[in-house]
Amino acid sequence: MNPAVLSQHMSQRYLRRKITHWIMMGVLALASGLALIPLLSLSAYVLTQGIPGLGINFFTHLPQPIGETGGGMANSILGTLTLVVLASLIGVPWGIGTGLYLSEYPPGRLSTAVRFSADLLASIPSIIIGLFVYTLIVIPMRRFSLIAGGVALGIIMIPTLARSTEELLRRVPVHVREAGLALGLPRWKVILRIVLLGNARAISTGIILSIARVAGETAPLLFTSFNNQYWQRGLGQPSSSLPVQIYTYAISPYEDWHQQAWTGALILVLLVFTMNILTRILLSPRGSSS
Amino acid sequence: MSNFRLRKRARREIHLGDLVFSYFLRALSFGLALLLAVIGFFLFRGAFASISRYGWSFVTESVWDPVQEVFGSAPVLYGTLVSSLIAVSIAAPLSVAIALFLNEVVPPKIGKTIGFLVEMLAAIPSVVYGLWGIFVLAPWLRTRIEPILAQDLGWIPIFSGPYYGVGMLAAGLILSIMIIPTVFSISREIFKTIPTAQREAALALGATRWEMMKISILGSSKSGIGGAIILGLGRALGETMAVTMVIGNRAEISASLLAPAQTMASVIANEYAEATSDIHLSALIEIGFLLFVVTFIINAFARLFILRETKS
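Residues numbered from 1 in each chain as written. Chains lettered and ligands numbered in written order. Predicted model: local features only at pLDDT ≥ 70, side-chain atom pairs only at ≥ 80, totals over all residues. Heavy atoms only, no water.

Caption draft 1: Representation of the domain arrangement of chain B within the structure. Residues and elements named next belong to chain B. The domains assigned to chain B are domain 1 (1-46) and domain 2 (74-311). The centre of domain 1, based on its C-alpha atoms, is set 41 Å off from the matching centre of domain 2. At the boundary of domain 1 with domain 2, total buried surface from both sides reaches about 520 Å², with 83% on carbon and sulfur atoms. When residues of domain 1 are sorted by the area they lose upon contact with domain 2, L36, L43 and G46 head the list and together hold 72% of the total. Along the contact surface separating domain 1 from domain 2 lie zero salt bridges. There are one residue pair in polar contact (both at pLDDT 80 or more) connecting domain 1 and domain 2. Its residues placed into classes, the side of domain 1 that touches domain 2 shows four nonpolar, two polar and no charged. (Domains from an automatic or database assignment. Buried area = accessible area lost by both parts, 1.4 Å probe. Salt bridge = Lys/Arg side-chain N within 4 Å of Asp/Glu carboxyl O. Polar contact = N/O pair within 3.5 Å; in protein donor to acceptor, adjacent residues only side chain to side chain. Nonpolar A, V, L, I, M, F, W, Y, C, P; charged D, E, K, R; others polar.)

Quick look at the structure:
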């Protein structure tokens, strides 16, 4: 093959490789754009469909019977708040306690088992947790209750919170702990006062994220806290919650209820997004240096 | 008090506080480790009536009729498998492509912003996806997409028969949207661990940027991506609300993706309220137990994959 033909051959091949490169760049860009379409469509619909129903009544009124317009989701919002508080009472101490054990005590067979278990537990579908609490609490009590819903959400909080606490505390330098111990403080005080409270900001982001996650959970609540068209009457009684109410309204045949479902979804999404963005701000380098 | 006794007392006090605290944390951790086993046990106990009555026919029979107390979960298992496979086959290539694009092509700042947006997809509650699915996705499929599929590709069994908007296809699509953030963020983490030198090596040999991605990035993170995809699959299998709202809820095996179907999670969410007989309830709990076992195995498997990747 003479040199001219060879170089032509080479440049042709180079051209082909260049073209492949550009085509693939296009494909990658297209894929990224494609993934954003559902997010944009969903946000657009939640906003445009949800805003018209937004008003003071939505936050202060009970649901109206079928056929009557108006009414709100006041009881569902209160229900969700109650559930989140109950869940935090269980999930926060248990999750953070486990996280402390994993990060502050020497690794062993228990911590390996706990880590593995936490990771698997976090990926068990939430409906399974609901079913578990149903057999654990609802069947013996013979009724749906806020307590059962709170326990289900609390269990869902534990593994993620344990792992995030561990991750965050691992970044705390050892000399911080040594400084405390050198002052003669007992270890438990060093862990609680210096390691935990000294990083309260980072820890609180973990808590907020886990709350954001359970606040939108629906499946485990279906057969634990169930639903209720009136105000809740105690922790041992069923109660409405925002996600379950959205579900109930969404699958109903009534136009008016669909409207309410969109407004409920707007509130829920705003709640969850705010918490997510809040954690980003708390964790940003500028935020933590102050 | 002698010096010796003072020292002894002080030491004992410190040890006591530490001892109590460490045992308290140990108990919490032990409780967490035990929780999985406890959940498995309670589900098994709840499912026992159904297991002992139907045995293997529970998973092999294909008639699910609560009224006659006949429970064969084959259609439900089929629906779970097919909807999740649709989801994974759409989401896996997309997620890996996004991860590549954001990590290797665009400037870091833009990559970070878009990555944040994609991860926000994971923060949206499942019930909101379901709402969007019922009122936006399903009508769009029914009026725009499915008529074309049925008309032009109707001779293929998977696109045959009547269409309703809601059905297997809608469920698969919504699941794919929901698992993209999972597969994406793990893939991106894996790509980030690949040393720059490995990229530079390929470029120095004259590779184009795409060839570099193929050789240095994709080539060396195969098993990690595999793990990420399996984790996505695990999430798709157990996803409940969005699927329940768009799958049409009919426990029948149909070759057509346009037909309504049922998944393990959706049958539980759908029928728990009307489960009046004990055996129906027990059958639903058995479905839950099976789902628990399947997701347990899949996730344990995926974690081993990813662990192997990050270690090497």
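Still more to cover.
Caption draft 2: Fine view of helix 11 (residues 242-250) of chain A. Burial analysis of helix 11 of chain A places eight of its nine residues in the buried class, which makes it a mostly covered element. Residues of helix 11 of chain A that are buried include every one of L242, P243, V244, Q245, I246, Y247, Y249 and A250 of chain A, and no others. Elements that come into contact with the buried residues of helix 11 of chain A comprise helix 3 (74-104), helix 9 (200-215), helix 10 (219-222) and helix 12 (255-283) of chain A together with helix 5 (126-152) and helix 10 (241-246) of chain B. (Buried < 20%, exposed > 50% of the residue type's maximum accessible area, 1.4 Å probe, protein only. Helix = DSSP H or I, 4+ residues; strand = E, 2+ residues; numbered from the N terminus. Contact = heavy atoms within 4.5 Å.)

Caption draft 3: Looking closely at the packing of aromatic side chains. Throughout the structure, instances matching the rule amount to 20 aromatic pairs over all chains. Their ring planes at 80 degrees and their centres at 5.6 Å tell us that F132 of chain A and F42 of chain B sit as a pair that is edge-to-face. In this pair, F132 of chain A sits in helix 5 (residues 126-141) while F42 of chain B sits in helix 1 (residues 3-54), so the two residues belong to two different chains. Just as F132 of chain A is buried, F42 of chain B falls in that class too. Taking 6.4 Å as the distance between ring centres and 40 degrees as the angle between the ring planes, the aromatic pair formed by Y54 of chain B and F58 of chain B counts as tilted. Its relative accessible area of 14% is what places Y54 of chain B among the buried residues. A relative accessible area of 0% means that F58 of chain B is categorised as buried. (Phe/Tyr/Trp six-rings, centres within 6.5 Å; stacked < 30°, edge-to-face > 60°.)

Caption draft 4: Structural context of the domain arrangement of chain A. Residues and elements named next belong to chain A. Once the domains are mapped, chain A shows domain 1 (3-53) and domain 2 (59-289). Across the boundary between the two partners, domain 1 contributes eight residues, which contact five residues of domain 2. The junction of domain 1 with domain 2 conceals about 630 Å² of combined surface from both sides, 77% of it contributed by carbon and sulfur atoms. Linking domain 1 with domain 2 are zero salt bridges. Counting every contact that joins domain 1 to domain 2 gives two residue pairs in polar contact (both at pLDDT 80 or more).

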